[in-house]
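# Close look at the chain arrangement
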2 protein chains.
Amino acid sequence: MTIILQNAMSDTANRDRVGELPVARLTETDAALREHATPVRVRRRQRLSLDQPTPDTVYIVRSGLLGIEAAILGKPRQLLELFYPGDIIRRANMPPLPNATLTALNVSEVWRLPARGFEALLAANVDQHANMQRRLGEQHARASLHASIIGALSGDERFASLLIELGLRIGQRGAAGIGIDNPLSRTDIADYLALNPDTLSRITSRFRARGLLVPLGGGQILLPSWEELCAASPIATTLKALHTPPG
Amino acid sequence: MTIILQNAMSDTANRDRVGELPVARLTETDAALREHATPVRVRRRQRLSLDQPTPDTVYIVRSGLLGIEAAILGKPRQLLELFYPGDIIRRANMPPLPNATLTALNVSEVWRLPARGFEALLAANVDQHANMQRRLGEQHARASLHASIIGALSGDERFASLLIELGLRIGQRGAAGIGIDNPLSRTDIADYLALNPDTLSRITSRFRARGLLVPLGGGQILLPSWEELCAASPIATTLKALHTPPG
DNA sequence: AGGGGGTTTTGATCCCGATCAACAGATTTG
DNA sequence: CAAATCTGTTGATCGGGATCAAAACCCCCT
């Protein structure tokens, strides 16, 4: 089982992804952006300033996974949003909470460009503008859905929803199920789902017992039954719509 | 106390608002939009379709208060987002949940325009584009903050946060405190804060006992002590930043 | 005044997830 | 290798909000 999965993962070229490609494809749109952008490679856990160097910097995710962390007063840390390849990150789109920081949850590459340059690029090209508008719209929808998830779903349902999201985004279909490489840490997941780590641990045990989740060492997990997993989340179809590219 | 408040409210021209004007001012930007838009006047509780008549219709709020309602499966109905004058509403920015509908929470006026026309307008005018971009960014930030509120704050803190938001947006400063006219129904508030009506009732009783909230008949409420109210929410400063116009 | 239907309130109880504490691995450090 | 530290697990207990049911209050009627 493990071997099959690792084969699938080492074979980067042929892997049959469930969701989007991990690295955004380089289209003409990207090429135009690229000219004005500074590529930044970040390691795991590295923080990116949102207020430096220019007042409003725009980041575009090329590969990897990033997230916005914030904390309210004496409340536990929260992971407000996850960013996947193609996503657009800017301070103005995030709540002005103190200590809001952009953190790489995995080794990632982002393109940094000043807000002015970004706006100018959009103005110059109609297609590009529509494309970015669509992406920003999707991200808004995801933020809104996240509130819905946290507000209405039980712990188990929230966790199932996250697994579905990760499966669609960074999952790789193997013979034994869908494998996910290098996911969030336990604490990250707890902060994202507004649960505490203790509770999350109980939930994962329950999922393991139900056969929905198989931990393979090294931060890799396997989802043996996609159908059952989807049945465990009341918003599976919505997640599929939001996390699968329209193609 | 009541008399003072009603004076303040009947005197529409001179009222000293805490937050934004209830009706967006008619700037040049608006004038350009106006040419391509169909004004729609809606009554309380009226629903607006988001998928009709064109696949992606854009609404711009001119006055009043609207909200997105949605429900997950057997879960209780949720109020995902509130829209104030100047806000931009489009289907693509909302999660593709079944039964997601745009509802007027108060008598309102919106401008309806087809997505294509909206995009074309933005492309034509740089200032307009920047302005809309800023508004959409703010709305995204509010959606994200809402997830944060629901995920991290207690019932009392959530309610205090909502009162602060409403005070900033539609509150009117009077001698006895800040008055709010025609707020959301009990159920609306509960759905927005991800609480159930029973719990919300207990919270309001508590607020009344603490002297933070005075109900005046006819859907009007009074916030006698703005400072104490702000102290009851850990995100008061963030709310002020998001719900006060930069001017 | 007296109904009648809806909403808000209140009381009693329950349950999910938080909290606290102790322990087990894993990783780092001397 | 052992000490230290961080992360994840498990058990016991607690509490905030949910749930259910009944009473009180509104508002509109005629």
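Since the structure is predicted, the reported quantities are computational estimates derived from the model, not experimental observations. (Residues numbered from 1 in each chain as written. Chains lettered and ligands numbered in written order. Predicted model: local features only at pLDDT ≥ 70, side-chain atom pairs only at ≥ 80, totals over all residues. Heavy atoms only, no water.)

## Structural notes on the pattern of salt bridges
Residues and elements named next belong to chain A. As a reminder, the rule being used: One speaks of a salt bridge when a side-chain nitrogen belonging to Lys or Arg is within 4 Å of a carboxyl oxygen belonging to Asp or Glu. A helix here means a DSSP run of H or I that spans at least four residues, while a strand means a run of E at least two residues long, and both kinds are numbered starting from the N terminus. Throughout this description, buried means an accessible area under 20% of the type-specific maximum (1.4 Å probe, protein chains only), exposed means over 50%, and partly exposed covers the range between.
Scanning the model with the defined rule gives 24 salt bridges over all chains in all. With its nearest N and O atoms 2.5 Å apart, the salt bridge here joins arginine 45 to aspartate 188. In this pair, arginine 45 sits in the loop between β1 (38-42) and β2 (47-48) while aspartate 188 sits in helix α6 (residues 186-193), placing the two residues 143 residues apart along the sequence. Owing to a relative accessible area of 38%, arginine 45 belongs among the partly exposed residues under this scheme. Two residues, aspartate 87 and arginine 135, come together in a salt bridge whose shortest N-O distance is 3.2 Å. Taken together, the positions of aspartate 87 in the loop between β5 (78-83) and β6 (88-90) and arginine 135 in helix α4 (residues 126-152) put the pair 48 residues apart, joining distant regions of the chain. Judged by relative accessible area, aspartate 87 falls into the buried class, the value being 0%.

## Observations concerning the interface of chain B and chain A
Cut-off, in case you're wondering: Two residues qualify as a contact provided that any one of their heavy atoms is within 4.5 Å of a heavy atom in the partner residue. Here the buried area means the combined drop in accessible surface, using a 1.4 Å probe, for two parts upon being joined, counting both sides.
At the junction of the two partners, chain B supplies 42 residues and chain A supplies 42 residues. Between chain B and chain A lies a buried interface of about 3400 Å² when both sides are counted; carbon and sulfur atoms form 63% of it. The largest contributions to the chain B side of the interface with chain A come from Lys75, Gln133 and His140 of chain B, which together make up 17% of the buried area. Remark: the boundary between chain B and chain A carries two salt bridges. In this structure, the salt-bridge partner of lysine 75 of chain A is glutamate 157 of chain B, at a minimum N-O distance of 2.9 Å.

## Looking at the packing of α4 of chain A against helix α4 (residues 126-152) of chain B
Helix-helix packing is characterised by the crossing angle of the two axes and by the distance between the axes. Condition: Fitting a line to C-alpha atoms yields each axis, with helices limited to the stretch in contact; the angle taken between N-to-C directions then spans 0 to 180 degrees. Reported orientations rely on four angle classes, namely roughly parallel under 35 degrees, roughly antiparallel over 145, roughly perpendicular from 65 to 115, and oblique for the rest. Crossings are classed by handedness, with left-handed meaning an anticlockwise turn of the near helix from the far one by less than a right angle and right-handed meaning a clockwise turn. Residues were grouped as follows: Ala, Val, Leu, Ile, Met, Phe, Trp, Tyr, Cys and Pro as nonpolar; Asp, Glu, Lys and Arg as charged; and all remaining residues, including Gly, as polar.
Between α4 of chain A and α4 of chain B, whose axes approach to 7 Å, the crossing angle comes to 20°. Between α4 of chain A and α4 of chain B, the angle is such that the two are roughly parallel. Seen from above, α4 of chain A lies across α4 of chain B with left-handed handedness. Contact with α4 of chain A, carried on its side by His129, Gln133, Leu136, Gln139, His140, Ala143, His146, Ala147, Ile150 and Gly151 of chain A, involves His129, Gln133, Leu136, Gln139, His140, Ala143, His146, Ala147, Ile150 and Gly151 of chain B of α4 of chain B and no other residues of that element. In the contact of α4 of chain A with α4 of chain B, the residues fall into eight nonpolar, twelve polar and no charged.

## Topic: the packing of aromatic side chains
Residue and element names in this part refer to chain A. Note the cut-off: Within 6.5 Å between ring centres, the rings of Phe, Tyr and Trp (the latter by its six-membered ring) count as paired, and their orientation is classed by plane angle as stacked under 30 degrees, edge-to-face over 60, tilted in between. Either the NZ atom of lysine or the CZ atom of arginine qualifies as a charge over a ring when it sits within 6 Å of the ring centre and within 35 degrees of the ring normal.
The tally for this structure, following the rule as stated, stands at two aromatic pairs over all chains. Note on phenylalanine 159 and phenylalanine 207: the rings are 5.0 Å apart at their centroids and 75° apart in plane angle, and the pair reads as edge-to-face. Remark: phenylalanine 207 occurs in helix α7 (residues 197-210) and phenylalanine 159 occurs in helix α5 (residues 155-170); sequence separation between them is 48 residues. Like phenylalanine 207, phenylalanine 159 is buried. It is arginine 210 that lies over the ring of phenylalanine 207; its NZ or CZ is 5.1 Å from the centre.

## Thoughts on the protein's contact with DNA strand C
As a reminder of what qualifies: Distances are taken per atom, and a residue is near a molecule or strand as soon as one of its heavy atoms is within 4 Å of it. What qualifies as a polar contact is a pair of N or O atoms within 3.5 Å, subject to a donor-acceptor requirement within protein and to the restriction that residues adjacent in sequence count only when both atoms come from side chains.
Around DNA strand C sit 15 residues in total, of which Gly155, Asn196, Asp198 and Thr199 of chain A together with Arg202 of chain B are the nearest. Taking arginine 208 of chain B, its side chain carries an N or O atom lying 3.3 Å from a phosphate oxygen of DNA strand C. Where the surface near DNA strand C is concerned, the elements lending two or more residues are α7 of chain A together with α6 (186-193) and α7 (197-210) of chain B. No other element matches the five residues that α7 of chain B contributes to the surface near DNA strand C. For the surface near DNA strand C, the residue count by class is two nonpolar, seven polar and six charged.

## Details of the protein's contact with DNA strand D
Taken together, 15 residues lie around DNA strand D, and Arg186 of chain A together with Gly155, Asn196, Asp198 and Thr199 of chain B are the ones closest in. When atoms of DNA strand D within 4 Å of the protein are split into backbone and base, the sugar-phosphate part holds 56%. A distance of 3.4 Å is found between a base oxygen of DNA strand D and a side-chain nitrogen or oxygen belonging to aspartate 198 of chain A. Listing elements by their share of the surface near DNA strand D, those giving two or more residues are α6 and α7 of chain A together with α7 of chain B. Broken down by element, the surface near DNA strand D gets its largest block of residues, five residues, from α7 of chain A.

## Some thoughts on the environment of leucine 73 of chain B
Residue and element names in this part refer to chain B. Among the structural elements, leucine 73 can be located in the loop between β4 (66-70) and β5 (78-83). Residue leucine 73 is classed as exposed on the basis of its relative accessible area of 67%. Linking leucine 73 and asparagine 99, residues 26 residues apart in sequence, is a C-alpha distance of 9.8 Å.

## Quick look at the relation of the copies chain B and chain A
Spelled out, the test is: Residues below a pLDDT of 70 in either copy are left out; the C-alpha atoms of the rest, at least 70 in both, set the least-squares superposition of the copies.
For the pair chain B and chain A, the superposition axis carries a translation of 0.0 Å, the fit reaches an RMSD of 0.0 Å, and the rotation angle comes to 180°. The two molecules are tied by a two-fold rotation axis, judged by turn and shift. Rotation axis and chain B: the residue whose C-alpha lies nearest the axis is alanine 147 of chain B, separated from it by 2.0 Å. A high fraction, 100%, of the interface residues of chain B reappear at the interface in chain A, so the copies pair face to face through one surface.

## Side note on the sheet that holds strand β10 (residues 177-180) of chain A
Residue and element names in this part refer to chain A. How we decide: The pairing criterion for strands is at least two bridges between them, as found by DSSP.
Taken in spatial order, the four strands of this open sheet run β9-β10-β12-β11, and their pairing is antiparallel. The sheet is open, and its two edges are formed by β9 (171-174) and β11 (214-216), each paired on a single side. Each adjacent strand pair in this sheet contributes to an overall mean axis angle of 30°, direction not counted. Bridge analysis of β9 against β10 gives four bridges, and the strand direction is antiparallel. The residue of β10 that forms the bridge with glutamine 172 is glycine 179. Its contacts with the sheet place α5 against β9, β10 and β12 (220-223), and it is angled at close to 85° to β10.

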